[in-house]
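Analysis of the macromolecular model
Given next are the chains, with one letter for each unit.
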Protein chains: 2
Amino acid sequence: MSADKIPYKIYLSEDEVPKAWYNLRADMKNKPAPLLNPGTGKPLTAEELSPIFCEELVAQELDETTPFIEIPEDIRNFYRMYRPAPLVRAYCLEEKLQTPAKIYYKFEGNNTSGSHKLNSAIAQAYYAKKQGLKGVTTETGAGQWGTALSMACSYFDLDCKVYMVKVSYEQKPFRREVMRTYGASVVPSPSETTEVGKKILAEHPGTTGSLGCAISEAVEVATKNPGYRYVLGSVLNQVLLHQSVIGLETKTALDKYGIKPDIIIGCAGGGSNLGGLIAPFMGEKLRGEADYRIIAVEPASCPSFTRGTFAYDFCDTGMICPLAKMYTLGSSFIPSANHAGGLRFHGMSTTLSQLYHDGFMEATSVEQTSVFEAAEQFARIEGILPAPESSHAIRVAIDEALKCKETGEEKTIVFGLTGTGYFDLVAYQKYNDGEMDDVIPTDEDIAASVAKLPRVNA
Amino acid sequence: MSADKIPYKIYLSEDEVPKAWYNLRADMKNKPAPLLNPGTGKPLTAEELSPIFCEELVAQELDETTPFIEIPEDIRNFYRMYRPAPLVRAYCLEEKLQTPAKIYYKFEGNNTSGSHKLNSAIAQAYYAKKQGLKGVTTETGAGQWGTALSMACSYFDLDCKVYMVKVSYEQKPFRREVMRTYGASVVPSPSETTEVGKKILAEHPGTTGSLGCAISEAVEVATKNPGYRYVLGSVLNQVLLHQSVIGLETKTALDKYGIKPDIIIGCAGGGSNLGGLIAPFMGEKLRGEADYRIIAVEPASCPSFTRGTFAYDFCDTGMICPLAKMYTLGSSFIPSANHAGGLRFHGMSTTLSQLYHDGFMEATSVEQTSVFEAAEQFARIEGILPAPESSHAIRVAIDEALKCKETGEEKTIVFGLTGTGYFDLVAYQKYNDGEMDDVIPTDEDIAASVAKLPRVNA
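Values in this document were obtained by computation on a predicted structure and should not be read as measured data. (Residues numbered from 1 in each chain as written. Chains lettered and ligands numbered in written order. Predicted model: local features only at pLDDT ≥ 70, side-chain atom pairs only at ≥ 80, totals over all residues. Heavy atoms only, no water.)

1. Considering the overall build of chain A
Broken down by element type, chain A carries 18 helices and 15 strands. For 458 residues, the compact-globule formula gives about 23 Å, and the C-alpha radius of gyration of chain A, at 20 Å, lands near that figure. Counting only residues that meet the buried cut, chain A has 66% of its 458 residues in that class. Expressed as a percentage of contacts within chain A between residues at least 6 apart in sequence, the contacts between residues at least 24 apart total 77%. A total of about 15,000 Å² of accessible surface is found on chain A, and carbon and sulfur atoms cover 49% of it. If the 45 positive side-chain charges of chain A are averaged to one point and the 57 negative ones to another, these points end up 2 Å apart. (Helix = DSSP H or I, 4+ residues; strand = E, 2+ residues; numbered from the N terminus. Rg over C-alpha atoms; globule rule 2.2 N^0.38 Å. Buried < 20%, exposed > 50% of the residue type's maximum accessible area, 1.4 Å probe, protein only. Contact = heavy atoms within 4.5 Å. Areas by Shrake-Rupley, 256 points an atom, 1.4 Å probe, with all protein chains shown as cover. Lys, Arg positive; Asp, Glu negative; His and termini not counted. Charge placed at Lys NZ, Arg CZ, Asp CG, Glu CD.)

Here it is in structure tokens:
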């Protein structure tokens, strides 16, 4: 098809939707460093991981060599309810910015969880069900992962216990109700329901919580209750694997019209969206078949790539999880209460960390007032109220498009619009009222938590 | 294409999206009765309507003969941002219900307004802009129309003043913030900002408002401020015209796969969704080309079709609007504070009223606890959290599918899923907590307000 007939939205047919996930690690020369047992300092085995995670998910977590893993039919049937997700040509935004750049976004918000999180939630619930489990536990920040998991568990009739970061629980009163409608129980974290929660509350009374705390609580509950396992919405290799469906669909849609992106942009908290979006493009880059500029965008309040250290660290605040080698601000780092709850994680996917370390991608950080400025602009022009998380990518996509305006370059920019902001109206209200501020950690803040990194790094 | 290959979602290509709206009245032998001037009792002329409505919209309102009216290019470009809307085959719901029925729904909720309302909002804003107006005023119930109009006005840089029914304003605190993000001002109605609002507050202190009150306030403000006109999200012929895009897309999608529906179901408040969904099907029925069972579903708390009177009445509580011949509970009827704000209107589209009166469609009413039961069931099975309004149609679609289960008939059921319930979590919470009740007006309640119908009926 010719490039001048590109529709506003490129939808794939059901036949074109991926039948297998793509495992980026298979194409990496430098594999991500293995997870370590914090007690022994040695790589974790499948046996050690099985009390925490479902068996098939453990296998996926440790598989560094299989490039494509088939998507089970039950999951593909569920995907059909909300996928394929559209790849949208942002004609209106291009016109408003008066840029020669061509802007595309992969929109993952057209489902009730409001984000891409459902892609992995349904996979993890499926494997839990297949293993005959009673239920799963998890943490949620912005609430999108928790909602996605509630929906997935409801579909497979599994019990679902969600620990929700307290600041998000309070900012998003209705998120809890969606999860309840799907049958989940939701607890604000840190809570008195776990040993680790009690400990964190004793040490930091009045804390607004963090993903790291909530993970500790959910893991504790999963390991103490027979028939339960813990599931995680980001960071892990298995999650990036499931999320590769985003990038695979994006690439198929672009290929249909012979479009080759110059720049690919994604927001990055734990890396689930970014890792999924870039997967097939990064694969080409790793195999030397193509080159792309790939940009991770993180909040200035929680800048793990741009100001963190590449080292082994705990994934959780309670230090009961495995050690992962990643860009980290230190597991004791508690970010300021910004409005992008999904990006408030101290660390980063080990896969993405290795790729960033090896120079295959860039990273940048942006402040939240400029993020909301971009969000409002985008909402008014493109008609979609974006999630604060997604708006980090919008900010940088607009900035890159404006650079093209200056230089006259007709670059093709693709970014991930991970979700909608319908549950983020408290944040929008603050922005509309001019009461939003930017809180950026000092070098001393970061140095203090990095100083507490585990000894295995020494 | 063969019927056994029907995908989960039927998307049209951009070429297949309608280029003209369909004006159902052109095919009606008995035209809807004309709007009357309440002072003279005579049919309103274009001159009399022009101080209230935009000129081109007045022309559309009065046009009973032109079957197809071209959709201007600017509107079609806007439609491309969120249309075509998918026609979904509810495979999961069919399986769960174990019904031989084939269920389809036209999903209009995948845009930030959360409903079909955007289809007419963008048209009305376009004509206001074309006429060189400064801005528009309107009322909103559930908040979906107000949000849609805010988005449309923001796109065309028009001022937008929204009077929001007080009960919805209080139940949906974040709706206001979405509208503000799109630059609109929002006032809870009845308010002290208008003469009619003051009068209603004096007569009914503590009222939770109604669409009828809010309309009166918005019309007053439009007519008193130069450069402003009033726009309405339902009831009017022009709105049904714009909403015909729903039915036209639905019919094209069904025709592509050779599917002929047996039953078409839509929720009905003022009739905007129902009138749009059924338009081309009703056209065939009127021309004797096909037959369909068409069912309007209304809330038991505001049952204009099933318990109202077919007579001339005011469209607003303040009695400053034109008189319309419709099924009405009386303009002084104030429905109980149920959770389907978009269906709390005392009257009904004149077009639909005439068709119902002439036996071309059925109507039924349902109670809100059974509506929320269907909503939760649908959310869990089909993965979309529906708006309470839309859930009225879900209730009846499920009931009809269960009848097919009893009889073994393989009927094809199509219903309109008008929107999402992301701003209706207060209602879902009440349902989840078992605190929802059904308030149904007594015969005396209805008789009292019907007794006050205007004298022109005598």
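2. Let's talk about the confidence of the model for chain A
Summing up the model confidence of chain A, the mean pLDDT is 94 and the portion of residues at 70 or higher is 99%. For this predicted complex, the interface confidence score (ipTM) comes to 0.91, while the overall pTM stands at 0.94. (pLDDT = per-residue confidence, 0-100.)

3. Points about helix H12 (residues 272–286) of chain B
All names here are of chain B. Of all the bends in H12, the largest measures some 55° and sits at alanine 279, one to four residues before the proline proline 280. Among the 15 residues in H12, 15 count as buried, and that is most of the element. The first or second residue beyond H12 is glycine 288, which carries a positive phi of 75°. (Bend = angle between axes of the 7 residues up to and from the residue.)

4. So, the sheet that holds strand E4 (residues 87–89) of chain B
Residue and element names in this part refer to chain B. Ordered by their spatial adjacency, seven strands build an open sheet running E1-E4-E5-E15-E10-E11-E14, and the pairing between neighbours is mixed. Two strands close off the open sheet at either side, each with one partner strand: strand E1 (9–10) and strand E14 (362–366). Relative to strand E11 (residues 293–299), strand E10 (residues 263–267) runs parallel, the two being bridged by five bridges. Bridge pairing in E11 places cysteine 267 opposite valine 297. Contacts between H12 and the sheet are confined to strand E5 (102–107), E10, E11 and strand E15 (412–417), with E10 contributing the most and set at about 155° to the helix. (Pairing = 2+ DSSP bridges. Axes fitted to C-alpha atoms, helices over the stretch in contact; angles between N-to-C directions.)

5. Observations regarding the relation of the copies chain A and chain B
Each copy superposes on the other: chain A lies on chain B with an RMSD of 0.0 Å after a rotation of 180° and an axial shift of 0.0 Å. The relationship between the two copies is best expressed as a two-fold rotation axis. Identified as the residue of chain A closest to the rotation axis by C-alpha distance is asparagine 110 of chain A, at 3.0 Å. Comparing interface residues between copies, 100% of those in chain A also lie at the interface in chain B; the contact surface is shared. (Least-squares fit on C-alpha atoms with pLDDT ≥ 70 in both.)

6. Things to note about the interface of chain A and chain B
Taken together, the contacts link 43 residues of chain A with 43 residues of chain B. Roughly 4,000 Å² of surface becomes buried between chain A and chain B when both sides are summed, with 56% attributable to carbon and sulfur atoms. For the chain A face of the interface with chain B, the top three residues by lost area are Phe174, Thr181 and Tyr422 of chain A, together amounting to 17%. Taken together, the links from chain A to chain B amount to two salt bridges. With a closest N to O distance of 2.7 Å, arginine 180 of chain A and aspartate 433 of chain B form a salt bridge. One can count 22 residue pairs in polar contact (both at pLDDT 80 or more) joining chain A with chain B. Those elements that place two or more of their residues in the side of chain A that touches chain B are helix H3 (73–82), helix H6 (144–156), helix H8 (173–181), helix H15 (368–382) and helix H17 (425–432) of chain A. Looking at the side of chain A that touches chain B, its residues break down into 22 nonpolar, ten polar and eleven charged. (Buried area = accessible area lost by both parts, 1.4 Å probe. Salt bridge = Lys/Arg side-chain N within 4 Å of Asp/Glu carboxyl O. Polar contact = N/O pair within 3.5 Å; in protein donor to acceptor, adjacent residues only side chain to side chain. Nonpolar A, V, L, I, M, F, W, Y, C, P; charged D, E, K, R; others polar.)

7. Quick word on the packing of aromatic side chains
Overall, the coordinates contain 43 aromatic pairs over all chains when judged by the stated rule. Their ring planes at 80° and their centres at 5.1 Å tell us that tyrosine 155 of chain A and phenylalanine 156 of chain A sit as a pair that is edge-to-face. On the basis of an interplanar angle of 40° and a centroid distance of 5.4 Å, the ring pair of tyrosine 22 of chain B and phenylalanine 68 of chain B is categorised as tilted. One end of the pair, tyrosine 22 of chain B, is in strand E2 (residues 20–22); the other, phenylalanine 68 of chain B, is in strand E3 (residues 68–70), with 46 residues separating them in the sequence. (Phe/Tyr/Trp six-rings, centres within 6.5 Å; stacked < 30°, edge-to-face > 60°.)

8. Considering the pairing of strand E15 (residues 412–417) of chain A
All names here are of chain A. The element E15 is extensively covered by neighbouring structure, given that six of its six residues are classed as buried. Alternating positions in E15 separate into two faces, Thr412, Val414 and Gly416 on one and Ile413, Phe415 and Leu417 on the other, with burial throughout. Pairing of strand E5 (residues 102–107) with E15, which is carried by six bridges, proceeds in the parallel orientation. What sits directly across from isoleucine 103, in E15, is isoleucine 413.

9. Concerning the sheet that holds strand E11 (residues 293–299) of chain A
Residues and elements named next belong to chain A. Overall, mixed pairing links the seven strands, which are arranged E1-E4-E5-E15-E10-E11-E14 in an open sheet. Looking along the sheet, the strands with just one partner apiece sit at the ends: strand E1 (9–10) and strand E14 (362–366). H15 rests against strand E4 (87–89), E5, E14 and E15 of the sheet, and its axis sits at about 95° to E14.

10. Brief notes about the packing of helix H6 (residues 144–156) of chain B against helix H8 (residues 173–181) of chain B
All names here are of chain B. At a minimum axis distance of 8 Å, the contact between H6 and H8 shows a crossing angle of 15°. One finds that H6 runs roughly parallel with respect to H8. In this structure, H6 crosses over H8, and the sense of that crossing is left-handed. On the side of H6, the interface is formed by Gln144, Gly146, Thr147 and Ser150, while H8 contributes Arg175, Val178 and Met179. Here the residues of the contact of H6 with H8 are counted per class, giving two nonpolar, four polar and one charged. (Parallel < 35°, antiparallel > 145°, perpendicular 65-115°, else oblique. Left-handed = near helix turned anticlockwise from the far one by under 90°.)

11. What to know about the packing of helix H9 (residues 195–203) of chain B against helix H10 (residues 211–224) of chain B
All names here are of chain B. Viewed as axis vectors pointing N to C, H9 and H10 meet at an angle of 150°, and their least axial separation amounts to 8 Å. It follows that H9 is roughly antiparallel to H10 by the angle criterion. Within the contact between the two elements, H9 uses Glu195, Val196, Gly197 and Ile200 and H10 uses Cys213, Ser216, Glu217, Glu220 and Lys224. Grouping the constituent residues of the contact of H9 with H10 by class yields three nonpolar, two polar and four charged.

12. Section: unusual backbone geometry
Here the residue pair arginine 83 of chain B and proline 84 of chain B is connected by a cis peptide bond, since its omega of -5° sits within 30 degrees of zero. Relative to the elements of secondary structure, proline 84 of chain B occurs in the loop between helix H3 (73–82) and E4. Following serine 189 of chain B, the chain continues to proline 190 of chain B via a peptide bond in cis, the omega torsion being 5°. Examined against the element boundaries, proline 190 of chain B turns out to sit in the loop between strand E8 (185–189) and H9. With phi around 65°, valine 235 of chain A is a residue other than glycine that occupies positive phi space. Tracing the chain through its elements places valine 235 of chain A in the loop between strand E9 (228–230) and helix H11 (237–256).

13. Thoughts on the pattern of salt bridges
Overall, the coordinates contain 56 salt bridges over all chains when judged by the stated rule. Of the charged contacts, one joins arginine 176 of chain A and glutamate 177 of chain A as a salt bridge, the two residues approaching to 3.5 Å between their closest N and O atoms. The residue lysine 106 of chain B makes a salt bridge to glutamate 249 of chain B at a minimum N-O spacing of 2.7 Å. Of this pair, lysine 106 of chain B sits in strand E5 while glutamate 249 of chain B sits in helix H11 (residues 237–256); the two residues are 143 residues apart in sequence, bridging distant segments of the chain.

14. So, the environment of valine 396 of chain B
All names here are of chain B. By the secondary structure assignment, valine 396 is in helix H16 (residues 388–407). Assessed through its relative accessible area of 5%, valine 396 is described here as buried. Remark: the alpha-carbon pair of valine 396 and glutamine 60, spanning 336 residues in sequence, is separated by 33 Å.

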